[in-house]
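What follows is each chain in one-letter form.
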Amino acid sequence: MGRLDRAIALAAAALVACLGFLPIANWIPGGHSAPWYGLVATDLLTGLSIAAGGGLVLGILSRKSRALWRDGWLEPLQQHSESHWTGWTLAVAVFGFVIYAFLARQLFAGRPLLIDEIIQVFQARLLAGGHLWLPAAPHQEFFSSLHLVEQQGRVYGQFPMGGPAMLALGSLFGAEWIVNPLFAAVTVVLFGALLLRIEPRRGVRLGALLIFALSPFAAFMSGSHMNHVTALFWIMVGMLGLARATSEAEGRFRDGLLAGLGLGFAATIRPVDAMAFAAPAGLWLLIRAVRQGRLAALLGSGLGIAIPIALLCWANLHTTGAPFLFGYTVLWGKAHDLGFHASPWGPVHTPARGLELINLYFLRLETYFLESAAPALLPMTVALALTRTLRTFDRYLFAASLLLVGLYAAYWHDGFYLGPRFMYPLLPLLALWTARFLPALRESFGVGLLLRSATWATVIALALGIATSVPVRARQYHAGMISLRWDPDQAAAQAQVRNALVLVRESWGAELVVRMWAIGVTRPDADAIYRGADPCALDSVLVKLEGAPLPHEERMLQLHALLADSARLVNAESVTGDPSLRLTPGTRYPTRCIAKIEVNRGGFTLFPPLLLARKFGNVYARDLGPRDSLLIADYPDRPLYLLRPSSGRVGADPAFLPLRRDSLQAAWRKGE
């Protein structure tokens, strides 16, 4: 296997180098690109030069200074970690948990900020209350949201139920924010147990454990509400079970069962991630069963994976109506699924666009993985290039990781949030091979100037990153999504708003999209029409369609006709206060549209976070102008409030403004 192992390692090194260092996306006309590549590459090369230069100087000086280098100076630490591995693993996990929880509260305010997080917390609270879905309201458009499925009188989130089920553990205690830090810490413990089985070198084990637990990419993601964290937890359970199931000394039914349960529950959270790790695992167990007659682990894995998949199918059956139909397919159609075809938002997804996305993910890993001064994938690339033999589990990790990358190349969406989030399951591989960098240099070149210089360069690069890049990234996250950090329940308590109907002033663009949903326009069609139509022309057509029931085909013909002049639209954020609203130059807009633009400039808020406001009996619904009369009739005895920012300034907190029903009716009669 020596030559094959060498070929695999060199191929992996070449792939990482090409995807992680070359701006391939910028060389393909159209599609995705990395306009920031030049600036980032310059910064990384500068940091690498500083680290390499400083490392060389210290490496030379270390020849005569025992204070700068003493061979084996980490040996006592490594020996202690080997003899007390469980204690070290638990200590690192606890330390990691403290960091993750701190980031969750201080950076992300303990709140879901991305729409994916918001809807999954919404689903989690349904599950915690014993429900898979809610009955639709009589006028559901006032409560609709992106990623919220409204199907046959049922309302539920679009995501597989496994992720929300994990968050529901926190919902039971009113603290969804603690779930990811807790499971991330347990994942560190599992990774430590896995390392004992797959990595014989104690120094590499300790380094990999620290990188896995404390890399900025892992830490920031673990402070969020994103389902990548709990999916990786179950993948790690599956990998630990697989390592035991493929051991010559073990390979029992219960080991296969553990592997199957872990990968099966991962599939209930992120099916694509689970597929990438389950397929090569199943093949490995099958080959062992055929060659060695060891059926117990294979049968256990089959049963283990079947149990959570059956639960997922049951949840799908009681929401979407079919066991293998997911909410996002109901909402967006088959265009949402894997493959090279038309996408729900934007152009056709092609293999070229898939390559662009994968290139972007690896380019982003260069900074987001370690936030070091030098390229983060460089140590891994060097370690791979110098490796001559692989362990069996290394080959499994390569196969699963390559499959994961290939599957996400076939997915149309750019998964960017807190880093290249679709690559989060690569953390075990990244941590392990990064930790193998310095040992690979030692094994290939001995204890000389190269090793000493590389060691000091690594220390300098990490120290510079901790001192500069990490604080900058933390401030960036802390300053982002300001409007989503506002706590409506706390504000309602301060304003003494109780048992009220609160109309939420969203942007004009959001109002137009929801009005399209209300008349039966699908999510993909509504998105395409909104992006390509003049908002005033769209508003006028919607007024007509809302007042006169027409067949669906006729409605769509009138709406699609608005796209004829889409090429003339230009960005008008300076006029409208909304970057998504584009206007037609030279058009003289009527009074109604000018009034809408002025209201928009005065400030608006976002409705989806209000789906999670749950105290004081208040009902939050979006403000849809004259259409509000339908909603107000459903709540005749509640006091009315309008929720809107106090100004158009970015980050201005919303305020509760009391409303009078007669004043609203007068405004509607005027068409306001």
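Small disclaimer: the values here were computed from a predicted structure and weren't measured.

About the thresholds
Residues numbered from 1 in each chain as written. Predicted model: local features only at pLDDT ≥ 70, side-chain atom pairs only at ≥ 80, totals over all residues. Heavy atoms only, no water. Buried < 20%, exposed > 50% of the residue type's maximum accessible area, 1.4 Å probe, protein only. Helix = DSSP H or I, 4+ residues; strand = E, 2+ residues; numbered from the N terminus. Pairing = 2+ DSSP bridges. Salt bridge = Lys/Arg side-chain N within 4 Å of Asp/Glu carboxyl O. Disulfide = S-S within 2.5 Å. Patch = residues over 30% accessible without salt bridge, like charges linked within 9 Å, V, L, I, M, F, W, Y side chains within 5 Å. Areas by Shrake-Rupley, 256 points an atom, 1.4 Å probe, with all protein chains shown as cover. Contact = heavy atoms within 4.5 Å. Axes fitted to C-alpha atoms, helices over the stretch in contact; angles between N-to-C directions. Phe/Tyr/Trp six-rings, centres within 6.5 Å; stacked < 30°, edge-to-face > 60°. Lys NZ or Arg CZ within 6 Å of the ring centre and 35° of its normal.

Enquirer: Please provide a residue-by-residue account of the pairing of strand 4 (residues 501–504), values included.
Expert: Burial along strand 4 is two-sided: the residues Leu501 and Leu503 and Val502 and Val504 are all buried. One ladder, built from four bridges, connects strand 4 with strand 7 (residues 619–622); its direction is parallel. Bridge pairing links Leu501 to Val619 in strand 7. Strand direction decides the pairing type here: strand 4 and strand 8 (residues 640–645), joined by four bridges, are parallel. Each bridged residue has a counterpart across the sheet, and for Val502 the counterpart in strand 8 is Tyr641.

Enquirer: Tell me about the pattern of salt bridges, and please be specific about residues and values.
Expert: Per the stated rule, a full pass over the model turns up 25 salt bridges. Linking Arg515 and Glu511 is a salt bridge whose minimum nitrogen-to-oxygen distance equals 3.3 Å. Pair noted here: Arg515 and Glu511 are both in helix 23 (residues 508–518), with a separation of four residues, about one helical turn. You'll find Arg515 and Glu511 in the same group, each marked buried.

Enquirer: Lay out the state of the cysteines in plain terms, naming residues and giving numbers.
Expert: A covalent bond between the sulfur atoms of two cysteines is referred to as a disulfide. For the structure on display, the rule yields one disulfide. With a sulfur-sulfur separation of 1.8 Å, Cys536 is cross-linked through a disulfide to Cys593. Of note, the bridge from Cys536 to Cys593 carries an S-S torsion of about 80° and is right-handed in sense. Here Cys536, found in helix 25 (residues 535–547), pairs with Cys593, found in helix 28 (residues 591–601); they are 57 residues apart in sequence, far enough to count as distant. We classify Cys536 as buried; its relative accessible area is 5%.

Enquirer: Go over unusual backbone geometry, please, and point to the residues and values.
Expert: The backbone of His147 shows a phi angle near 75°, a positive value even though the residue is not glycine. By the element assignment, His147 lies in the loop between strand 1 (134–135) and strand 2 (148–151). The phi torsion at Met481 lies on the positive side, around 50°, for a residue other than glycine. Tracing the backbone shows Met481 in the loop between helix 21 (449–479) and helix 22 (488–495). According to the relative accessible area criterion, Met481 is partly exposed, its value standing at 33%.

Enquirer: An account of a nonpolar patch on the surface is requested, with residue identities and associated values reported.
Expert: A cluster of nonpolar residues, Phe253, Leu295, Leu299, Leu303, Ile307 and Leu311, forms a patch on the protein surface that exposes about 550 Å² of accessible area. The leading source of residues in the nonpolar patch is helix 14 (residues 295–317), at five residues. Within the secondary structure, Leu295 is located in helix 14.

Enquirer: Tell me about the sheet that holds strand 3 (residues 154–157), residues and numbers included.
Expert: Overall, antiparallel pairing links the three strands, which are arranged 1-3-2 in an open sheet. The open sheet terminates on both sides in strands that have one partner only, identified here as strand 1 and strand 2. Direction of pairing for strand 1 relative to strand 3: antiparallel, over a ladder of two bridges. The residue of strand 3 that forms the bridge with Leu134 is Val155. Across the sheet, helix 6 (residues 115–128) is in contact with strand 1, strand 2 and strand 3; its angle to strand 3 comes to roughly 120°.

Enquirer: With reference to specific residues and values, describe helix 7 (residues 162–171).
Expert: For helix 7, the buried fraction is high: eight of the 10 residues fall into the buried class. Taken together, the buried positions of helix 7 are Gly162, Gly163, Pro164, Met166, Leu167, Ala168, Gly170 and Ser171. Packed against the buried residues of helix 7 are helix 6, helix 8 (179–198) and helix 11 (228–245).

Enquirer: Give me the lowdown on the packing of aromatic side chains, citing residues and values where you can.
Expert: The description of an aromatic ring pair uses the distance of the two centres, along with the angle that the planes make with each other. In total, this model carries 20 aromatic pairs according to the counting rule given. Between Phe326 and Tyr328 the ring centres are 5.5 Å apart and the planes differ by 15°, which places this aromatic pair in the stacked class. Using a relative accessible area of 15% as the deciding quantity, one classes Phe326 as buried. Ring centres 4.4 Å apart and planes at 15° place the aromatic pair Tyr408 and Phe422 in the stacked group. Pair noted here: Tyr408 is in helix 18 (residues 392–409) and Phe422 is in the loop between helix 18 and helix 19 (427–435), with a separation of 14 residues, a long-range link. You'll find Tyr408 and Phe422 in the same group, each marked buried. Taken together, the ring pairs connect Tyr361, Tyr408, Tyr411, Trp412 and Phe422 into an aromatic cluster. In this structure, Arg205 packs its charged tip against the face of Trp85, placed 5.5 Å from the ring centre.

Worth remembering: the numbers are spatial, not functional.
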